[in-house]
Amino acid sequence: MSPPDGAVYLVDPTLRREFQTIGLRATSASTRIEWRVDGSPVGTSEKDAALDWPLAVGRHVVTASDSRGHRADAAIVVK
């Protein structure tokens, strides 16, 4: 799963915020992955495809789950 657990990201003050994202990506036998950040849905992606999530300062838990009930979590920090 990407981002990996414990990852730290920095907001670049010289770039516009809409261009500052991380690609959420997971591998699964299912065709669709549902993504949540801090428990709130942020979108779905096809397996092995990335979903861009805009950086938000703070500590976050990113969760990927598939239709088979598999789930992966990663705690990240955005500064």
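Residues numbered from 1 in each chain as written. Predicted model: local features only at pLDDT ≥ 70, side-chain atom pairs only at ≥ 80, totals over all residues. Heavy atoms only, no water.

K.L.:
Could you clarify how one ought to interpret the sheet that holds strand S7 (residues 71-78) in this entry?
P.N.:
Remark on secondary structure: sheet strands pair via backbone hydrogen bonds, oriented parallel or antiparallel. The strand order S1-S7-S6-S3-S4 describes an open sheet built from five strands, whose pairing is mixed. Each edge of the sheet is formed by a strand with only one pairing partner; in this case those strands are strand S1 (8-9) and strand S4 (40-46). Sheet topology places strand S3 (residues 32-37) next to strand S6 (residues 58-66); five bridges connect them, and they run antiparallel. If you follow Glu 34 over to S6, its bridge partner there is Ser 65. (Pairing = 2+ DSSP bridges. Helix = DSSP H or I, 4+ residues; strand = E, 2+ residues; numbered from the N terminus.)

K.L.:
What should I look at first to understand the environment of Thr 27 in this one?
P.N.:
Looking at the element boundaries, Thr 27 is found in the loop between strand S2 (21-24) and S3. Of the residues examined, Thr 27 reaches a relative accessible area of 70% and is grouped as exposed. Along the sequence, Thr 27 and Met 1 sit 26 residues apart, while their C-alpha atoms lie 6.9 Å from each other. For Thr 27, the side chain forms a polar contact with the side chain of Asp 48, separated by 3.3 Å. (Buried < 20%, exposed > 50% of the residue type's maximum accessible area, 1.4 Å probe, protein only. Polar contact = N/O pair within 3.5 Å; in protein donor to acceptor, adjacent residues only side chain to side chain.)

K.L.:
Please clarify how the pattern of salt bridges should be interpreted in this entry.
P.N.:
Should their charged atoms come close, side chains of opposite charge can pair. Counted under the stated rule, the structure contains four salt bridges. When the shortest N-O distance is used, the salt bridge between Glu 46 and Arg 32 registers 2.5 Å. Placement of the pair is Glu 46 in strand S4 and Arg 32 in strand S3, with a sequence separation of 14 residues. Judged by its relative accessible area of 42%, Arg 32 falls in the partly exposed class. (Salt bridge = Lys/Arg side-chain N within 4 Å of Asp/Glu carboxyl O.)

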